[in-house]
Structure formats: C-alpha cells, structure tokens
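A closer look at the structure
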Amino acid sequence: MEKRTALVLGASGLVGQEITRLLLASSRYRSVTVLVRKKLDWKHEKLRQQLVDFAALEQYESVFSVHDVYSCLGTTIKKAKTKENFWKVDYEYTMSAARLSQQKGVHNFLTVSSIGANPRSIFFYSQVKGRVEEDLKKLSLQGLHIFRPSLLLGEREEIRLGERVTEKFFGIMPFLFTGPLHKYRPIAAEQVAKEMCKVALRDMRGVHIYESNDIANMQ
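In this report, the structure presented in the accompanying data block is examined. (Residues numbered from 1 in each chain as written. Predicted model: local features only at pLDDT ≥ 70, side-chain atom pairs only at ≥ 80, totals over all residues. Heavy atoms only, no water.)

**Here we look at the nonpolar core**
The criterion, for reference: Buried residues of nine kinds, namely Ala, Val, Leu, Ile, Met, Phe, Trp, Tyr and Cys, make up a nonpolar core once their side-chain atoms join them within 4.5 Å. Burial classification: accessible surface area is computed with a 1.4 Å probe over protein chains only, and a residue below 20% of its type maximum counts as buried, one above 50% as exposed, and the rest as partly exposed. Strands are runs of DSSP state E lasting at least 2 residues, helices are runs of H or I lasting at least 4, and numbering of each runs from the N terminus. Any two residues whose heavy atoms approach within 4.5 Å are treated as being in contact.
Formed by 31 residues in total, the largest nonpolar core has its most connected members in V8, V15, I19, L23, Y70 and M196. Of all the secondary-structure elements, those providing two or more residues to this core are strand 1 (4-9), helix 1 (14-25), strand 2 (29-36), strand 5 (108-112) and helix 6 (189-202). When residues of this core are assigned to their parent elements, the largest contribution, 7 residues, is made by helix 6. With near-sequence residues (within four places) excluded, V8 lies in contact with G16, I19, T20, L23, V32, T33, V34, L35 and Y70.

Next up, the structure:
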C-alpha cells in the first residue's frame, strides 16, 4: 500500500496541532509538511516545516503536491483587529490554498469551517465561513470535505472569555445542550482532528459536509 503525504495549514492552532500529531504518528503517512510563519518547536523524522508568507502562497506551489491538504486556518476578530484582516486569513488564505490544491490534483482538501456557516448570516464570522464554503464548492477539487464543528474544546494559547464561559456551562450543566440545542454541544478539537484524518483515508470524491453532530457520532 502506497504511503501518503500530507500538507497542514494552521498547524499551530487547536485542530491543526492535533491533526499534525495524528499524521506524524500514523503508519499511513510517510511525510507531513506544515506551512508556518515561524518554526514550531517540534521535531520528527517525517515532519517538514516550510516558512511561508500566507499572502503569497502561490510562491510555494510545489509543496501542494501531496495526497491530502488539511486547512485549519482561522482567526478571530479580536486577534485580527479588523474585518479586513479577518477576511484575509479566513477567506483569502483558505481559497488560495484550495486553488493550489486543485492545480496540483490533491486527493482530498479538508477544511475546518464552523457551525452556522451561512453567507446570509447576520453575523460577520458566519458570513465569511459561508462565503468560503460556497466558493470552495465552485472549484474542481477531487474531494472536498467541510467540517462544521461547534465550540472547540482544548488547550488554547490565547484566552477566549466567551468560550471559557460556555465550556464551564457545559461541564456543570451538560443537560442544557439537549433537544434543539444538542447540535451546539462543544466538541473536542482532538475528536474533530481524528475524524478528518479518517475521512482523508477513505478517498471519497465530491463535496461532503460534516455537521458537529455528524463529527461527534462518526465511526
């Protein structure tokens, strides 16, 4: 069986870190390349770190010659400071990666979106995620896999007060996330990463969307 190659964008983020660890530990992958602004403090015989300017991804076209591209790029308005910067990271960088993946004929382009992604949403965050999804579908990717998790659980470097509050509520009163609210139950970043890696190995063609509930219940 041919061993696979992978490219990870957003390897320093919550889901990206978990995906990178899983890929490095997997016997199905022979090499894992991560695109980073600064080197990560990781060492592994299968790991290659490529320093990039995400605003000029086209200059790194060759690194997209892989089986699977895992796009975990994303920021927050607080961190980006402006809507324009947020758009640049969540929309422009993701679309650039997808177009290069299409050109190189990758088997699978797997990306982390968000629950409630909708280009017509009243919330800017959800609008952008929805626009990305719509425009990704217009490309001719062999396999496009869009994951829409709810609140991600895990250890972040930055403190996000709203997310911490939700985590506390979920830990103390999980029954609040039942019935119609079940789909908003927080989900571990590690679980999202595991399911993304499983999906890639199935090599399914076409467009596939995985809601938070789907991810939590995948086998």
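**Comments concerning the packing of aromatic side chains**
Formally: Aromatic pairs are defined between Phe, Tyr and Trp rings, using the six-membered ring for Trp, whenever the two ring centres lie within 6.5 Å; interplanar angles under 30 degrees are classed as stacked, those over 60 as edge-to-face, and all others as tilted.
All told, the structure shown has 5 aromatic pairs when counted by the stated rule. Arranged with centres 5.7 Å apart and planes meeting at 55°, the rings of F86 and F124 form a pair that is tilted. Here the residue F86 occupies a position in helix 3 (residues 83-104), and F124 occupies one in helix 4 (residues 124-137), the gap between them amounting to 38 residues. The class of F86 is buried, set by a relative accessible area of 0%. Relative to Y125, the ring of F86 has its centre 5.7 Å away and its plane inclined at 50°; by these criteria the two rings are tilted. One end of the pair, F86, is in helix 3; the other, Y125, is in helix 4, and 39 residues separate them in sequence. A connected cluster of aromatic rings, assembled from ring pairs, spans F86, F124 and Y125.

**A short note on the state of the cysteines**
Applicable threshold: Two cysteine sulfurs form what is called a disulfide whenever their separation falls within 2.5 Å.
Taken as a whole and assessed by the stated rule, the structure comprises 0 disulfides. Considering cysteine sulfurs only, C197 is the nearest to C72, which forms no disulfide, with 8.9 Å between them. Note on C197: relative accessible area 10%, which makes it buried.

**A few points about the environment of T5**
Residue position: T5 is located in strand 1. Given a relative accessible area of 7%, T5 falls into the buried group. Contacts of T5, omitting those with residues within four sequence positions, involve Y29, R30, S31, S65, V66, H67 and D68.

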